[in-house]
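Residues per chain are reported as follows:
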There are 4 protein chains.
Amino acid sequence: MNTIGKIFTFTGFGESHGAAIGGVIDGMPAGVEIDLEKVQHELDRRKPGQSAVTTARKESDTVEILSGLFEGRTTGSPIGFIIRNENQHSNDYDHLKDAFRPSHADFTYTAKYGLRDHRGGGRSSARETATRVVAGAFARQALEQWGITVRAYTSQVGPLVLDKDYGGMDLSVAESNPVRCPDPEMAAEMEALILKVKSEGDTIGGVVDCVVSGVPVGIGDPVFGRLGARLAEAMMSINATKGFEYGMGFRGVELRGSEVLDRFVAGPDGEISTLTNHSGGIQGGISNGQDITFRVAFKPVATLMQDVCTVDRDGNEIVIKGRGRHDPCVVPRAVPVVEAMAAIVILDACLMNRASRL
Amino acid sequence: MNTIGKIFTFTGFGESHGAAIGGVIDGMPAGVEIDLEKVQHELDRRKPGQSAVTTARKESDTVEILSGLFEGRTTGSPIGFIIRNENQHSNDYDHLKDAFRPSHADFTYTAKYGLRDHRGGGRSSARETATRVVAGAFARQALEQWGITVRAYTSQVGPLVLDKDYGGMDLSVAESNPVRCPDPEMAAEMEALILKVKSEGDTIGGVVDCVVSGVPVGIGDPVFGRLGARLAEAMMSINATKGFEYGMGFRGVELRGSEVLDRFVAGPDGEISTLTNHSGGIQGGISNGQDITFRVAFKPVATLMQDVCTVDRDGNEIVIKGRGRHDPCVVPRAVPVVEAMAAIVILDACLMNRASRL
Amino acid sequence: MNTIGKIFTFTGFGESHGAAIGGVIDGMPAGVEIDLEKVQHELDRRKPGQSAVTTARKESDTVEILSGLFEGRTTGSPIGFIIRNENQHSNDYDHLKDAFRPSHADFTYTAKYGLRDHRGGGRSSARETATRVVAGAFARQALEQWGITVRAYTSQVGPLVLDKDYGGMDLSVAESNPVRCPDPEMAAEMEALILKVKSEGDTIGGVVDCVVSGVPVGIGDPVFGRLGARLAEAMMSINATKGFEYGMGFRGVELRGSEVLDRFVAGPDGEISTLTNHSGGIQGGISNGQDITFRVAFKPVATLMQDVCTVDRDGNEIVIKGRGRHDPCVVPRAVPVVEAMAAIVILDACLMNRASRL
Amino acid sequence: MNTIGKIFTFTGFGESHGAAIGGVIDGMPAGVEIDLEKVQHELDRRKPGQSAVTTARKESDTVEILSGLFEGRTTGSPIGFIIRNENQHSNDYDHLKDAFRPSHADFTYTAKYGLRDHRGGGRSSARETATRVVAGAFARQALEQWGITVRAYTSQVGPLVLDKDYGGMDLSVAESNPVRCPDPEMAAEMEALILKVKSEGDTIGGVVDCVVSGVPVGIGDPVFGRLGARLAEAMMSINATKGFEYGMGFRGVELRGSEVLDRFVAGPDGEISTLTNHSGGIQGGISNGQDITFRVAFKPVATLMQDVCTVDRDGNEIVIKGRGRHDPCVVPRAVPVVEAMAAIVILDACLMNRASRL
């Protein structure tokens, strides 16, 4: 189950402490001009060691494209790529060889597979998400040609909530601060909180908001292909996620139907739109032409820089010393991953939609 | 996209105002004794007209199994079934022929397909979920043989929140009241609220909580087959859902890592479990043997019994009169649907897991 | 594994001795006008009891469409349908309850599933192919709107080989005789042979040829989606098939490359075609605009009207008396099934091709 | 469509003239000891430049495994791998930039994708099959632990037919001669024929036979997952294939049912087997415990070392000079590819079968 998508698909591979991670992008439409610098730029947004609020681990995360491009354009053939692993400190994990770290996948992987690559969490490591960013970068370049853009940002860190509608903000500001929050003041508060939490050897959770603009009416499928279902699946496949909501989400539960109906209106040219967007751009599982808006909850990272009690595989009680290089809060680096997964889902749904009429 | 699942799959069909709805359950393991009364019982829990808090529409929702059973047991062959539609008042929808009802799928379906069955919402009608309940009832009977149970209940209606841990309640109590809340006092409050909202021609949202018990360690797959991702996809494919969370969900965002680690302990027989369950029974996408707990947000239904302004397909402003028979709150009838989808996902994941080792 | 197709999919269900067979057609493009009489006509071509060369079993095989149509056109929603079983003589099979009939699926089904519906072969019965014919009839009506036609015919029965190129024959003649051979003289010989074989309580094999015309250039996918591979899979999923070949097939093995190259030429309007069609209309797995031609081998039916030695489930030697109503040669009734499967594959490939370019 | 398989899947990528080819093996059961020398050995059997009957192109085809192994065993995580391309003479293809070579994929790829990587045929090149051999080598090592073996050999080259049953031959002899025919005398004749054809600048077709032994009873699925269908799809996805048959295949068409029934008998221990194997080890789509036998037809290669008339993309008539390094007959190098694809299909079917009973 390392493949996502139906027509535009991505298949990933690789552990954090193996030779390389990589993947295959299949179903990419032919003839798309690809700017490889943009692909690398997306990886750079996700890579470790960017700032004091992320892990101090250094990896250049340089992608090598192996196939599927000819003279700068996609050929319709699958795009294979790899990212070599660097700067692995596998010894950092020797003391964890037989430990089941709390709220990690050590126990469940061992139970499932009977054995486990203990170095860096193997396939459960968030390092794997770098390959999704590559696939997403290809998808985004296709979507851009149709005027579809995907923009995510940090909207909450711990109890600090950015309580502003995205419509009133310049979302590109998010890239100018290390936490990726489009409000500079809130960004500074969030950064300070993360540093405080880090100094205490602890971690903290957060929320990423995402806005997809420019999706035409009619994308998505009824029933099991609902756009909300496909986005939920994609987002909840990202490490450390615990929740997904779109449009009014859980907040809408408290409201009356009369308060949340998105009234249709017709423009001078007859184009139909809605006055409000409680629906988050999706009605009956299908895009209605408004912005698609959703939110993803990330838990506090389970790797602490403090002593933690647990058991080993024989059931003996042990204490794990905090060690290694880890993120005190995943949210800043998760922003490009959320964007990548959204781009993958939307491109796939757009391509599928071409078959909806004769 | 009317199929869900990988090994155990369900494919549904049918509109509310056609001849019948139905589906095909494929990949059902052979040799499972099926109690058809239990299947019908699940349908009865979902059917309209059960109480004053649901729609007054009357349909018997009798399932006819057409294949896949022999002498009371599954044969490994696909199980086809139909539920005849009854008591359709198609004329109720004549005035909606060209209207785009707000927050409904009328507009998006028309845009996608170029035409639309306006009677009862066609495929976007929640009537379709009856077929999922049949598939879920088969899945549940397989799961029960392994001691796996699925139990959902109403935990919130509008602002009324059941703020008790499920561990301290008898969840079977939920079936004794029309809102399906396991706390009798809260149930009475919720019922009163729904009746008040209904009397005002309005609707209200709510939340369904679900607990899956008895899932062995090791079920679910890394990366795109994470159990959380598969449950999210399945739940967000249900009509009127706006959010999904598991374990601590969105609430966990505000907490520190040190507060939410699920510490492992070993029992006298060496069996490893966790002291707490912030993870909601899933770690690294794979079950850890604890209860799997998740929550699903349902919006207030978009069909009001009051006048609503909108446009028709030519962009003319029109007013829709509230008419027909609809639920003021979907949550009570959504409970068995959530259970059905959970059973489908868990059975599929259990069967897939058999291939994880040589 | 009762589903075929990727975008246009068909999921079937039903045993010969259950209540009904049926299926779900999903991914049918919206807006296609459907002539239901044509659908029934295809079923009539396949149904038992048509002539002396087929089984004497009588079933009307009347299809009931349950969903997905509105005012005579497809809506984009799944098309559910059933065909009630009639005229079942389940008692005909009582003596076979514990027998493993030679070259039948009794033994393999029992081993796989641990139990078996012995009445009529359960899911291994060719009765299941009736549901494919319904799906194919829908696919054909979509293809016809693009000028794509599918025509199959009997080209061999036992040693009697129709050694004429289809180009020189009127293929519609095939429908005027019970064996479905477009050459009236050969048809008469084949019919006589089948009747002779039948009178001896024996059965005989044959070959069906198929020609798909009007497929535009560019349909099909490289590598695992090759049109030849998809047709092979579809044809070899039909009961009693033992071989598939396209274009020059096995005969081409003996030839030199220089003898079989399909030379390209350009017409006055610049349209490129080939002088010959050894490739069978497929090059690199993708249609080249020429007729797609393939052949399917059917074995002699395993049910004989004579005594047959075998064992029962306990390994005891037993003798099975020939009884019941069976086809002495499946080929005449297989012709519409081959056409149906070809239509399903080609429509699916045409719809997928829409995603090949931005 | 660069993925094959349902649970055990392979996704490939790469063109002959890009940086590398490679792929991802997913769903490999955990805990299988892998001998990487055996993997490389399979690649060596397929690589160019082995003998005078194959292309003179030299590539070492060294596989680099990037993930999914830990301490010599599979971990259940996806296995990513690459094979660097070497010794590319891209200039050999400059004269073909705008040419549509007869019976090649140049024309169909250009029509489908609007552009084409003309160097070496891009994705339509048989070089891609090297990646399948890697996936097959992993599958084989899993199958071997269950005692399942896959053995293919050359049974026909042009008109030279090896007319012996495999039961009377030592199939391992096939590896001792360059054409991979288990009969030394016939091998010598075949070799001489290929060399003669090559000296004339021509090419010739052939047939590969394959035997899979040790498959337990009950593998494969009814209807669309029939083992014959899945093998057909896999084999017909190999470059240059034109036909597939299993068991008695096309030859069985001429026979009577009474001649080809595979009579069941019970051994002293009650184990049931068949006296003959006209069924080719598959009954009702499911393995019956006998050897699975099938045959694959390969056309003569379309690249000749002689002048060939065709058109360019503007429809101008041109003559292509024979140039480059190509195989006069693909069959010897196709043998390991057939084995690899068979291993992939059988392992996938074995893993799927685990879900067939509760």
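Rules and cut-offs
- Residues numbered from 1 in each chain as written.
- Chains lettered and ligands numbered in written order.
- Predicted model: local features only at pLDDT ≥ 70, side-chain atom pairs only at ≥ 80, totals over all residues.
- Heavy atoms only, no water.
- Buried < 20%, exposed > 50% of the residue type's maximum accessible area, 1.4 Å probe, protein only.
- Helix = DSSP H or I, 4+ residues; strand = E, 2+ residues; numbered from the N terminus.
- Least-squares fit on C-alpha atoms with pLDDT ≥ 70 in both.
- Contact = heavy atoms within 4.5 Å.
- Disulfide = S-S within 2.5 Å.
- Axes fitted to C-alpha atoms, helices over the stretch in contact; angles between N-to-C directions.
- Parallel < 35°, antiparallel > 145°, perpendicular 65-115°, else oblique.
- Left-handed = near helix turned anticlockwise from the far one by under 90°.
- Nonpolar A, V, L, I, M, F, W, Y, C, P; charged D, E, K, R; others polar.
- Polar contact = N/O pair within 3.5 Å; in protein donor to acceptor, adjacent residues only side chain to side chain.
- Buried area = accessible area lost by both parts, 1.4 Å probe.
- Salt bridge = Lys/Arg side-chain N within 4 Å of Asp/Glu carboxyl O.
- Pairing = 2+ DSSP bridges.
- UniProt positions renumbered as here; feature names shortened; annotations may be inferred.

Undergrad: Give a detailed account of helix 5 (residues 227-236) of chain B, specifying residues and quantitative values.
TA: Burial within helix 5 of chain B is extensive, with 10 of its 10 residues counted as buried. Among all positions of helix 5 of chain B, only Leu 227, Gly 228, Ala 229, Arg 230, Leu 231, Ala 232, Glu 233, Ala 234, Met 235 and Met 236 of chain B are buried.

Undergrad: Lay out the relation of the copies chain A and chain C with the relevant residues and their values.
TA: Under the fitted operation, chain A is carried onto chain C by 0.0 Å of movement along the axis and a turn of 180 degrees, and the coordinates agree to an RMSD of 0.0 Å. A rotation of that kind, with that shift, is consistent with a two-fold axis. Closest to the rotation axis within chain A is the C-alpha of Arg 354 of chain A, separated from it by 3.2 Å. Mapped onto chain C, 100% of the interface residues of chain A are again interface residues, and the two copies thus contact each other with one and the same surface.

Undergrad: Describe the state of the cysteines, with residues and values.
TA: Considering all chains together, one arrives at zero disulfides over all chains under this definition. No disulfide involves Cys 350 of chain C; its sulfur sits 14 Å from that of Cys 210 of chain C, the nearest cysteine. You can call Cys 350 of chain C buried: its relative accessible area is 8%. The thiol sulfur of Cys 329 of chain D is not disulfide-bonded, and the nearest other cysteine sulfur, from Cys 181 of chain D, lies at 12 Å. Among the residues examined, Cys 329 of chain D registers a relative accessible area of 1% and is labelled buried.

Undergrad: So, the packing of helix 3 (residues 129-145) of chain D against helix 7 (residues 331-353) of chain D: which residues are in play, and what are the values?
TA: Residues and elements named next belong to chain D. Between helix 3 and helix 7, whose axes approach to 7 Å, the crossing angle comes to 50 degrees. For the element pair helix 3 / helix 7, the angle class is oblique. For the pair helix 3 and helix 7, the sense of crossing is left-handed. Contact with helix 3, carried on its side by Thr 129, Arg 132, Val 133, Ala 135, Gly 136, Ala 139, Arg 140, Ala 142 and Leu 143, involves Pro 336, Val 337, Glu 339, Ala 340, Met 341, Ala 343, Ile 344, Ile 346 and Leu 347 of helix 7 and no other residues of that element. Among the residues forming the contact of helix 3 with helix 7, the class breakdown is 13 nonpolar, two polar and three charged.

Undergrad: Go over unusual backbone geometry with me, naming the residues and quoting the values.
TA: One non-glycine residue, Ala 240 of chain A, lies in the positive phi region at around 75 degrees. Counting through the fold element by element, Ala 240 of chain A comes out in the loop between helix 5 (227-236) and strand 12 (241-246). Notably, Arg 180 of chain D is not glycine yet its phi reads approximately 65 degrees, a positive angle. In this structure, Arg 180 of chain D sits in the loop between strand 10 (160-161) and helix 4 (184-199).

Undergrad: Describe helix 1 (residues 36-46) of chain A, naming the residues involved and giving the relevant values.
TA: Residues and elements named next belong to chain A. Every buried residue belonging to helix 1 is among Val 39, Gln 40, Glu 42, Leu 43, Arg 45 and Arg 46, and all of these are buried. Summarising the contacts, the buried residues of helix 1 are in contact with strand 4 (63-65), strand 7 (79-84), helix 3 (129-145) and helix 7 (331-353). You can read the cap of helix 1 off the contacts: a side-chain oxygen lies 2.9 Å from the backbone nitrogen of Glu 37, and it is on Asp 35.

Undergrad: I'd like a description of the environment of Thr 11 of chain C, backed by residues and values.
TA: Its place among the elements puts Thr 11 of chain C in strand 2 (residues 9-13). Look at Thr 11 of chain C and you get buried, because its relative accessible area is 1%. For the pair Thr 11 of chain C and Met 1 of chain C, spaced 10 residues apart in sequence, the C-alpha to C-alpha distance is 8.6 Å. Setting aside its immediate chain neighbours within four residues, Thr 11 of chain C contacts Thr 11 and Val 24 of chain B together with Asn 2, Thr 3, Gly 22, Gly 23 and Val 24 of chain C.

Undergrad: Residue-level account of the interface of chain B and chain A, with values.
TA: You'll often see interface size given as the accessible area lost when the parts meet. Taken together, the contact pairs 110 residues of chain B with 109 residues of chain A. Together chain B and chain A conceal approximately 8500 Å² of surface at their shared face, both sides included; 64% is due to carbon and sulfur atoms. Where chain B meets chain A, there are six salt bridges. Remark: the boundary between chain B and chain A carries 33 residue pairs in polar contact (both at pLDDT 80 or more). A total of seven residues in the side of chain B that touches chain A trace back to one element, the largest contributor, which is helix 2 (residues 106-113) of chain B. The residue inventory of the side of chain B that touches chain A, partitioned by class, reads 48 nonpolar, 37 polar and 25 charged. Looking at chain direction, strand 12 of chain A and strand 12 (residues 241-246) of chain B are connected through three bridges and run antiparallel. The residue of strand 12 of chain B that forms the bridge with Glu 245 of chain A is Gly 243 of chain B.

Undergrad: How would you explain the sheet that holds strand 18 (residues 308-312) of chain C if you had to name every residue and give the values?
TA: Residue and element names in this part refer to chain C. Ordered by their spatial adjacency, three strands build an open sheet running 8-18-19, and the pairing between neighbours is antiparallel. Each having just a single partner strand, strand 8 (99-100) and strand 19 (317-320) make up the two edges of the open sheet. With two bridges connecting them, strand 8 and strand 18 associate as antiparallel partners. Across the sheet, residue Ala 99 finds its bridge partner in strand 18, namely Asp 312.

Undergrad: Explain the pattern of salt bridges to me, using residue names and the numbers behind them.
TA: In total, this model carries 104 salt bridges over all chains according to the counting rule given. A salt bridge links Lys 321 of chain B to Asp 307 of chain B, with the shortest nitrogen-to-oxygen separation between them at 3.1 Å. Remark: Asp 307 of chain B occurs in the loop between strand 17 (292-298) and strand 18 (308-312) and Lys 321 of chain B occurs in the loop between strand 19 (317-320) and helix 7 (331-353); sequence separation between them is 14 residues. Taking the shortest distance from any N to any O, the salt bridge between Arg 295 of chain D and Glu 245 of chain D comes out at 2.7 Å. Of this pair, Arg 295 of chain D sits in strand 17 (residues 292-298) while Glu 245 of chain D sits in strand 12 (residues 241-246), and the two are 50 residues apart along the sequence. Accessibility classification places Arg 295 of chain D together with Glu 245 of chain D in one group, the buried group. One network of salt bridges, with partners in common, ties together Glu 42, Arg 45, Arg 140, Glu 175, Arg 180 and Glu 339 of chain A.

Undergrad: Residue-level account of the sheet that holds strand 3 (residues 20-26) of chain C, with values.
TA: Backbone-to-backbone hydrogen bonds join strands into a sheet, with any given pair of strands oriented parallel or antiparallel. Residues and elements named next belong to chain C. Taken in spatial order, the five strands of this open sheet run 1-2-3-7-4, and their pairing is antiparallel. Edge positions in the open sheet fall to strand 1 (3-4) and strand 4 (63-65), since each of these has one partner strand only. With five bridges joining them, strand 2 and strand 3 adopt antiparallel strand pairing. Across the sheet, residue Thr 11 finds its bridge partner in strand 3, namely Val 24. The strands that helix 3 (residues 129-145) touches are strand 2, strand 3, strand 4 and strand 7 (79-84); relative to strand 3, the one it contacts most, it runs at about 30 degrees.

Undergrad: Help me get a handle on the interface of chain A and chain C, residues and values and all.
TA: Across the boundary between the two partners, chain A contributes 14 residues, which contact 14 residues of chain C. Taking both sides of the interface into account, the surface hidden between chain A and chain C amounts to around 1400 Å²; carbon and sulfur atoms contribute 58%. Three residues, Arg 354, Ala 355 and Leu 358 of chain A, lead the burial of chain A against chain C; their summed loss comes to 50% of the area buried on that side. Across the contact surface, chain A and chain C share zero salt bridges. Counting across the interface, chain A meets chain C through 10 residue pairs in polar contact (both at pLDDT 80 or more).

Undergrad: Can you tell me about the UniProt feature "binding site: FMN" (unreviewed entry) in chain A, naming the residues and giving the values?
TA: Residues and elements named next belong to chain A. Under the UniProt annotation, "binding site: FMN" (unreviewed entry) lies at Arg 123, Ser 124, Ser 125, Asn 239, Ala 240, Gly 284, Lys 299, Pro 300, Val 301, Ala 302, Thr 303 and Arg 325. Taken together, the annotated residues stretch across 203 residues and extend over separate regions, lying up to 44.4 Å apart by C-alpha. The residues touching Ala 240, leaving out its near neighbours within four places in the chain, are Ala 297, Phe 298, Lys 299 and Val 330.

Undergrad: Can you break down the pairing of strand 19 of chain C residue by residue, with the values?
TA: Put simply, side chains in a regular strand alternate between the two faces of the sheet. Residue and element names in this part refer to chain C. Bridging between strand 18 and strand 19 involves four bridges; their strand directions are antiparallel. Bridge assignment links Val 308 to a residue of strand 19, and that residue is Ile 320. Taking the residues that link successive antiparallel strands as the turn, the strand 18-strand 19 hairpin has four residues, and the phi of Gly 315 there is positive, at about 90 degrees.

Undergrad: Describe the packing of helix 5 of chain A against helix 5 of chain B, with residues and values.
TA: The contact between helix 5 of chain A and helix 5 of chain B brings their axes to 8 Å, and the two run at 165 degrees. Here helix 5 of chain B runs roughly antiparallel to helix 5 of chain A, going by the angle between their axes. As helix 5 of chain A packs across helix 5 of chain B, the resulting crossing turns out to be right-handed. Counting all contacts with helix 5 of chain A, which are made through Gly 228, Ala 229, Ala 232, Glu 233 and Met 236 of chain A, the residues of helix 5 of chain B involved are Gly 228, Ala 229, Ala 232, Glu 233 and Met 236 of chain B. Among the residues forming the contact of helix 5 of chain A with helix 5 of chain B, the class breakdown is six nonpolar, two polar and two charged.

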